Amino acid sequence: MKKYFASSELIINEDGSVFHLHVKPEWLADKVILVGDPGRVALVASHFENKECEVESREFKTITGTYKGKRITVVSTGIGCDNIDIVMNELDALANIDFQTREEKPQLRQLELVRIGTCGGLQPYTPVGTFICSAKSIGFDGLLNFYAGRNAVCDLPFERAFLNHMGWSGNMCAPAPYVIDANAELIDRIAGDDMVRGVTIAAGGFFGPQGRELRVPLADPHQNEKIEQFEYNGYKITNFEMESSALAGLSRLMGHKAMTVCMVIANRLIKEANTGYKNTIDHLILKVLERI
Ligand code: R1P
Ligand code: URA
């Protein structure tokens, strides 16, 4: 029996595009670049030889075009894992559900997804300007816990080691952090020998969840010291951002290849930040366009 998706579950707009992204199935390329900032979409697409479609709705801006003959779709996700849930489910529906019959297609169409983002560095060897590929992500967001099969794709011993190290229980474990690997082949191809292969915490916020204290004190005042010192099987935590766990986790469950690479724009240990990063992230964009 083919799976059928009712109009309340997969919402399709009158023009045949998917609900939030406003993208039609024929506009989606197999190679997808995801960025947080809608303004970064135009920067990526400025390197395309041609553009075949351009559409914008809320924080989701999409352009499909070609770079050196490779057909690529670039989409902005806005900030946070909740938006990754929307973008990944809608991209997967565009690829793997027939919008006419509302049934799952018989053959999986596998997408290759690379997120290009910004992050906060946590180690002395991750100063501002470093490119960090998230080989593993620790999700503070809880998103993956709502999907069946979460335990089968997560690194459960790593999760336990992290929680023991932090000494967290009760509210600090709700939702429980999940640990998920990016696609290994994609990490090798994109990271090359000039990017750090790291462990990234995808936080459910920019301030408290990343240990930034403004006027409201943190529940665990030693959070970041402990995170910086954590080591498990040779892995150390390298950076904070806000989407890599949901992207890696949903891609694993859906059968796609995905990873995140971020440029460090603030180092939390050294206490430095670069607010002019929009001028330099193009170096990272070009590397990903070459390697995707
Ligand atoms: C926070 O400033 C945002 O920057 C990072 C975080 O993951 C979060 O989305 O990524 P982007 O630069 O891709 O948005
Ligand atoms: N993005 C984040 O999520 N955190 C930082 O510190 C910088 C960029």
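Residues numbered from 1 in each chain as written. Chains lettered and ligands numbered in written order. Predicted model: local features only at pLDDT ≥ 70, side-chain atom pairs only at ≥ 80, totals over all residues. Heavy atoms only, no water.

Asks: Would you explain the packing of helix α1 (residues 38–45) against helix α8 (residues 281–291) in this entry?
Replies: Two packed helices can be described by the angle between their axes and the distance between those axes. Contact geometry of α1 with α8 gives a least axis separation of 10 Å together with a crossing angle of 55°. In this view, α1 runs oblique relative to α8, as classed from their interaxial angle. Classified by chirality, the crossing of α8 by α1 is right-handed. Taking contact as the criterion, the partners of R40, L43 and V44 in α1 are, on α8, I281, D282, I285 and L289. (Axes fitted to C-alpha atoms, helices over the stretch in contact; angles between N-to-C directions. Helix = DSSP H or I, 4+ residues; strand = E, 2+ residues; numbered from the N terminus. Parallel < 35°, antiparallel > 145°, perpendicular 65-115°, else oblique. Left-handed = near helix turned anticlockwise from the far one by under 90°. Contact = heavy atoms within 4.5 Å.)

Asks: Just to check I follow, could you spell out the site of ligand 2 for this structure?
Replies: As a matter of local geometry, ligand 2 sits amid T118, C119, G120, F206, Q210, R212, F240, E241, M242 and I265. In this structure, a nitrogen atom belonging to ligand 2 sits 2.8 Å away from a side-chain N or O atom of Q210. A molecule is said to occupy a pocket when more than half its atoms come within 2 Å of that pocket's grid points, and by this definition ligand 2 occupies the second largest pocket. Taken together, the elements giving at least two residues each to the shell around ligand 2 come down to β7 (112–121) and β12 (235–241). With three residues, the single largest contributor to the shell around ligand 2 is β7. Of the residues assigned to the shell around ligand 2, the class counts are five nonpolar, three polar and two charged. (Near = heavy atom within 4 Å. Polar contact = N/O pair within 3.5 Å; in protein donor to acceptor, adjacent residues only side chain to side chain. 1 Å grid on protein atoms, 1.4 Å probe; cavity = no way out; pocket = protein on both sides within 12 Å on 5 of 7 lines; lining within 4 Å. Sits in = over half its atoms within 2 Å of the grid points. Nonpolar A, V, L, I, M, F, W, Y, C, P; charged D, E, K, R; others polar.)

Asks: Whenever I open this one, the packing of helix α2 (residues 81–96) against helix α7 (residues 244–254) confuses me. Can you help?
Replies: Viewed as axis vectors pointing N to C, α2 and α7 meet at an angle of 30°, and their least axial separation amounts to 9 Å. Between α2 and α7, the angle falls in the class roughly parallel. Relative to α7, the crossing made by α2 is right-handed. Counted together, C81, I84, D85, M88, N89 and D92 of α2 and S245, A246, L247, L250, S251 and M254 of α7 form the full contact between these two elements. Across the contact of α2 with α7, the residue classes tally to seven nonpolar, three polar and two charged.

Asks: Just to check I follow, could you spell out the pattern of salt bridges for this structure?
Replies: It is possible for side chains of opposite charge to pair when their charged atoms get near one another. Evaluated as defined, the whole model comprises 21 salt bridges. The shortest N-O distance in the salt bridge between K61 and E54 comes to 3.2 Å. For K61, a relative accessible area of 12% translates into the label buried. (Salt bridge = Lys/Arg side-chain N within 4 Å of Asp/Glu carboxyl O. Buried < 20%, exposed > 50% of the residue type's maximum accessible area, 1.4 Å probe, protein only.)

Asks: Please explain the site of ligand 1 as it appears in this structure.
Replies: What surrounds ligand 1 is the set G36, R40, I79, R115, G117, T118, F206, E241, M242 and E243. Here an oxygen atom of ligand 1 sits 2.9 Å away from a polar atom, N or O, in the main chain of M242. Between ligand 1 and the protein, one listed contact pairs an oxygen atom with a side-chain N or O atom of E243 at 2.5 Å. For ligand 1, the accessible surface in isolation is 340 Å², of which the surrounding protein chains cover 86%. (Areas by Shrake-Rupley, 256 points an atom, 1.4 Å probe, with all protein chains shown as cover.)

Asks: Explain the side chain of T126 to me, please; I cannot follow it from the model alone.
Replies: You can see T126 is positioned in the loop between β7 and β8 (131–139). Polar contacts involving the side chain of T126 include one to the main-chain carbonyl oxygen of Q123, which spans 2.9 Å. Not counting chain neighbours up to four residues away, the residues in contact with T126 comprise G121, I132, T238, V264 and N267.

Asks: Hey, could you run me through the pairing of strand β3 (residues 60–67) in this one?
Replies: When you tally the buried positions in β3, you get eight out of eight residues, the bulk of the element. Alternating residues of β3 divide into F60, T62, T64 and T66 and K61, I63, G65 and Y67, and every residue in both groups is buried. Bridge count between strand β2 (residues 50–57) and β3: seven bridges; the pairing is antiparallel. Considered in β3, the bridge of S57 is made with F60. Two successive antiparallel strands, β2 and β3, enclose a turn made up of two residues, where R58 displays a positive phi of approximately 50°. (Pairing = 2+ DSSP bridges.)

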